[in-house]
Each structure stands twice: as C-alpha cells, then as structure tokens.
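As a plain string of letters, each chain reads:
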Amino acid sequence: MVNLLLGLQWGDEGKGKIVDVLTKNYDIIARFQGGPNAGHTLIFDGNKHVLHTIPSGIFHKKAINIVGNGVVIDPVIFKKEIDNLSGYNIDFNKKLLISRKAHVILPTHRLLDAASETAKGKAKIGSTLKGIGPTYMDKTGRNGFRIGDFELDNWKEKYQQLTQKHLNMLRCYNADIQFDLDELEKEFFEGVKTLKKLQFIDSEFYIQQALKEEQTILAEGAQGSLLDIDFGTYPFVTSSNTTAAGACTGLGVAPNKIGKGFGIFKAYVTRVGSGPFPTELFDDNGKRMAKVGHEFGATTGRPRRCGWLDLVALKYAVEINGITELAMMKADVLSGFKTLKVAVKYNYKGQEISHFPYNIEPENVTPIYKEVKGWQEDITNINEYDQLPETLKDYIKMIEDYVKVPVKIVSVGPDRKQTIFR
Ligand code: GDP
Ligand code: IMO
Ligand code: MG
C-alpha cells in the first residue's frame, strides 16, 4: 500500500518534519514531484537539516529513499545535499535510489527561469529560480534530459545540444542575465560525478515489486495543493501536480494502490512568492505570526507572507486529494492571540460562496470570517492531546466539522519530539 503525505496550503506546511516522524512505519519513502524548489526542514537531537531533493526518510536506518520519475533533479544542489550529510554515516549507495526517468535541471534551465522572471517584471511568479518551470517545459515539450541519459556514451553531446538551444532561447528574452557558463558547467559536471555514484533504477518496477512483497511506501509531497499546476492559483503556481494524482504519475503507482492520505496544514496560512492570498494579514497579527513562526523560506530565505486559516481553501485541498487524516502544524505559534479569525466563506463578486473559485484575486474575493477564542498557554512541552488547552481543542473541532476529516497529529514545535498523536 502507498500512503500519501501532502501539503494542503502554499507549501512549507511542515511536511518534512512529519515524514521524518512517520518514517519508522515505512519501508520506502519516495518523492514524486517538484525538485530543489522544495525545502523540507527536520530538527532532531539539536540539529537542523534542510532537504531539497533527498526524501525526508534518509536519517532512519531502515527505510529506502527513492527520488521518483516525476521529480526534477539539479546535480549541483544534489551534491551539496549529499555533502551536508557526510557526517551521518549514511550508505547512500544502498539507501538512496534515483529514477532513470527523472528529469535533470541543467545550468541553462536556471538561467531561463531567471530570464523569464525578469522579463515578466511586476507580474513575476516569484519562483525559487531553481529552473523548475523550464525543466518541466522541456519534459512536456519532449526535449528533456533524463537521469538515464547519463548512462549513454554520448550524454555530453545530448547535454550540449540542449544547452545550445537554451542559449538561443535566452537571447529571445528581454532580460539582461549575466552568467559565466564555464563556471556553471564546472559545478554541474562535479555534481554529475556525485550523482553517478548512486544507483539509477527503473523506479516504477522497483515500487511494483515492493508492493507485491507488501512493503509499505510513503509518498512525500513537495509544495502544496494551492501551488498545483492544475488546481492552484494559476499562473502563480509551480510546474507539477502537487496533489494526490501526482503521486500516481510521479511514481508509477495505480490509484487503487493508494491507501491513506495525510494532509499537512499550518494552524494559519503562509505563502512565499507572488499571487493572491485572500486571508493575508498586513497588520501586527501577521507580523507576529511571521516572527514567532520564523517564517522565512527554507530554500530562498525570503520572508513568508502570513494570514488567518482559510477553511474554504483547506476543504478544497482536502477534497481534491482525498485526505483521510490531518496533521495541524505550528499550533504553538498562535499561543497568546486573544482571538483568532478563520475564513469560512468567501464574498465572491458580491455573492456568498463556500467553494474555492476560479479567481481569488482581491478584487473578486473577500473572506468572510468567524472569530474564535485563542489559547494563551505555552504548549511547546505538551505531549498528550488531552493536556492541550480547551480553546485549542475547540479550534481543532471546528476545523474537523468543516472539512469532515479528523486531525490525528498536532505539532507544537519544530523538533521531531514536539509531535502529539491522537
Ligand atoms: P515543508 O516544506 O513543508 O517541509 O516545511 P518547511 O520546512 O519549509 O517549513 C516549516 C518550518 O516550520 C520549518 O522551519 C520547521 O522547522 C518549522 N516547524 C515545523 N513544525 C513546527 C511546529 O509545530 N511549530 C513550530 N514553531 N515550527 C514548526
Ligand atoms: P516546499 O516543498 C513554498 C513557490 C515559489 C513560487 C512558486 C513557483 O518546501 O513546501 P517554482 O520555483 O516552483 O517555479 O516557484 O511556488 N514554491 C514554494 N513555496 N514551499 C515550496 O516547497 C515551494 N516550491 C515552490 O515561491 O511562488
Ligand atoms: Mg519548505
């Protein structure tokens, strides 16, 4: 059986932390989409780790970690991740397997990302500049370079052809992007060397075999449902399907093999990059969330925009993904707010609606809030659900009543141990 773990907002919900906590129950942890635009933070034994491409099960002795076909891999960032883990005695050759069908981010993909963003000016997506969009464009345009290509004798020729095409494309953008290709290629080829030391596999066969042997698999989502290429706030989205269906295409798993769906959400909402955000706060409440929650991007360091919990958007994500249980993260960050607001409906072009519409720009949508009591206690040392403040339990019950899915995990701090199961 394959269980899914997905972010239900605009990313950075705390997926990495929960994957790490749950890994002991699984034989395989697999990333199925996205790439180094992701930054998944794990904190344990006083150390903090941020993973971008490597699945968040890597610190556990037993689990095999797979980077699936739906992922895009930048060898440069990948090498840095491996180097950062050098003190941990991890047998990467055995424990980290890479799909031959995963696509490769070339240095020029990153340049094209930058050129596209610059050319858009004010309308920019606010991408992570990791080359994600251009790499997926080459994939769907059937021009991509795949991990399996590194096994060809003439892979450098193929690399150069694609790079040349990108250099030509770069000239078409109205953007002055400075770069030193020799420098970029040097670090790229170094990264490729590290990558080639690992096992490249036909991951769909590996996973099918594992399923026949009744192994348990957890598919680790990156980004969040509202950044999904189809269902997110287009065009301010990423270039992959971050929702449940992405796990089927990104690993080669049939829908009838999917079991549970863990949905990860923050007790409030954050967003990094551009795009509409109905419940965004520009006042002291928002500043307080950002400060207490240390809301800075794990990949780019950019400040994250903060706002009240949006139940209209959360329900949309729960339903599209078939979420069966929820994990509410960062409940500790809301400690001390006298009252909290949650969006329960939208005013959409003058009409009250309770679904997530086509346009959520501020001129079309104003959230309709319900105000509830906050909790005052420091909850960061609580480890049993029953000991949580009543007002927090009421907040959780309100969410469950709205989205019709139980909250099974409450996270009260960034450490692995600050996780309450119910
Ligand atoms: P991911 O991309 O979904 O894995 O999330 P990120 O790692 O980008 O962002 C989550 C941030 O919140 C990280 O800095 C985590 O260490 C932190 N975090 C996770 N859970 C909690 C929590 O319950 N409370 C607090 N205060 N921080 C948390
Ligand atoms: P994790 O897995 C938060 C956002 C970017 C930008 C948009 C498109 O850590 O939750 P891209 O580089 O993908 O073309 O950027 O998506 N974005 C994320 N925001 N968390 C992420 O990943 C993100 N990955 C991409 O900020 O708005
Ligand atoms: Mg993140």
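Here is what the cut-offs are and how they apply
Residues numbered from 1 in each chain as written. Chains lettered and ligands numbered in written order. Predicted model: local features only at pLDDT ≥ 70, side-chain atom pairs only at ≥ 80, totals over all residues. Heavy atoms only, no water. Helix = DSSP H or I, 4+ residues; strand = E, 2+ residues; numbered from the N terminus. Rg over C-alpha atoms; globule rule 2.2 N^0.38 Å. Buried < 20%, exposed > 50% of the residue type's maximum accessible area, 1.4 Å probe, protein only. Contact = heavy atoms within 4.5 Å. Lys, Arg positive; Asp, Glu negative; His and termini not counted. Charge placed at Lys NZ, Arg CZ, Asp CG, Glu CD. Near = heavy atom within 4 Å. Polar contact = N/O pair within 3.5 Å; in protein donor to acceptor, adjacent residues only side chain to side chain. Areas by Shrake-Rupley, 256 points an atom, 1.4 Å probe, with all protein chains shown as cover. Nonpolar A, V, L, I, M, F, W, Y, C, P; charged D, E, K, R; others polar. Pairing = 2+ DSSP bridges. Axes fitted to C-alpha atoms, helices over the stretch in contact; angles between N-to-C directions. Expected span 1.5 Å × (residues − 1). Phe/Tyr/Trp six-rings, centres within 6.5 Å; stacked < 30°, edge-to-face > 60°. Donors = N, O, S within 2.8 Å, 3.2 Å for Na, K, Ca; no water.

A. The arrangement of the overall build of the protein in detail. Of the regular secondary structure elements, the protein holds 12 helices and 20 strands. The globule rule puts the C-alpha radius of gyration for 422 residues at 22 Å, and the 21 Å found for the protein is close to it. Across its three principal axes, the protein shows a C-alpha extent of roughly 65 × 50 × 40 Å. Burial status across the protein gives 59% buried among its 422 residues. Partitioning the contacts of the protein with sequence separation of at least 6, the portion at a separation of at least 24 is 77%. Counting 55 positive and 51 negative side-chain charges, the protein places the averaged centre of each group 0 Å from the other.

B. The arrangement of the site of ligand 1 in detail. Within the structure, ligand 1 sits among 20 residues, and Gly-14, Lys-15, Thr-41, Asp-332 and Ser-411 are positioned closest to it. At 2.8 Å, a backbone N or O of Lys-15 approaches an oxygen atom of ligand 1. For ligand 1, the accessible surface in isolation is 580 Å², of which the surrounding protein chains cover 93%. At the level of secondary structure, the elements contributing two or more residues to the shell around ligand 1 comprise helix 1 (15-22) and strand 3 (40-44). When grouped by side-chain class, the residues that make up the shell around ligand 1 number 6 nonpolar, 7 polar and 7 charged.

C. Broad picture of the site of ligand 2. Around ligand 2 lies a shell of 21 residues, among which Asp-12, Lys-15, His-40, Thr-128 and Thr-238 are the nearest. The contact in question runs from an oxygen atom of ligand 2 to an N or O atom on the side chain of Asn-37, over 2.9 Å. Measuring from an oxygen atom of ligand 2, one finds a backbone N or O atom of Gly-39 at 2.9 Å. Out of a free accessible area of 550 Å², ligand 2 has 97% covered by protein chains. For the shell around ligand 2, the residue count by class is 8 nonpolar, 10 polar and 3 charged.

D. Representation of the sheet that holds strand 15 (residues 325-329) within the structure. Overall, mixed pairing links the 10 strands, which are arranged 9-7-5-2-10-1-11-15-19-20 in an open sheet. Looking at the sheet topology across the chains shown, the edges are occupied by strand 9 (199-201) and strand 20 (419-421). The sheet shows a mean angle of 25° between the axes of neighbouring strands, taken without regard to direction. Note: strand 7 (residues 96-99) against strand 9, 3 bridges, orientation parallel. Its bridge partner lying in strand 9, Leu-97 is registered against Gln-199. Lying on the sheet, helix 8 (residues 203-212) is in contact with strand 1 (2-7), strand 2 (28-31), strand 5 (64-67), strand 7, strand 9 and strand 10 (217-220); it crosses strand 5 at an angle near 145°.

E. Spotlight on helix 7 (residues 181-196). Over its 16 residues, helix 7 extends 22 Å from the first C-alpha to the last, a length consistent with the 22 Å expected when each residue adds 1.5 Å. When helix 7 is considered as a whole, its buried residues turn out to be Leu-181, Leu-184, Glu-185, Phe-188, Gly-191, Val-192, Thr-194 and Leu-195. If you check the start of helix 7, you find a side-chain oxygen 3.2 Å away from the backbone N of Asp-182, and it comes from Asp-180.

F. Fine view of the environment of Asn-65. Within the secondary structure, Asn-65 is located in strand 5. Placed 239 residues apart in sequence, Asn-65 and Arg-304 show a C-alpha to C-alpha distance of 29 Å. At a separation of 3.4 Å, a polar atom in the side chain of Asn-65 contacts the main-chain carbonyl oxygen of Ala-63.

G. Main features of the packing of aromatic side chains. Under the criterion given, the structure shown has 14 aromatic pairs. Ring centres of Trp-10 and Phe-277 lie 5.2 Å apart, and the angle between their planes is 55°; this geometry places the pair in the tilted category. Taken together, the residues span a long stretch of sequence, with Trp-10 in the loop between strand 1 and helix 1 and Phe-277 in the loop between strand 12 (269-271) and helix 10 (284-292) at a distance of 267 residues. This pair shows no difference in class: Trp-10 is buried, exactly as Phe-277 is.

H. Structural view of the coordination of the magnesium ion (ligand 3). The coordination sphere of the magnesium ion (ligand 3), as far as protein atoms go, consists of Asp-12 (OD) and Gly-39 (O), spread over 2.1 to 2.2 Å. With Asp-12 in the loop between strand 1 and helix 1 and Gly-39 in the loop between strand 2 and strand 3, this pair connects stretches of sequence that are 27 residues apart.

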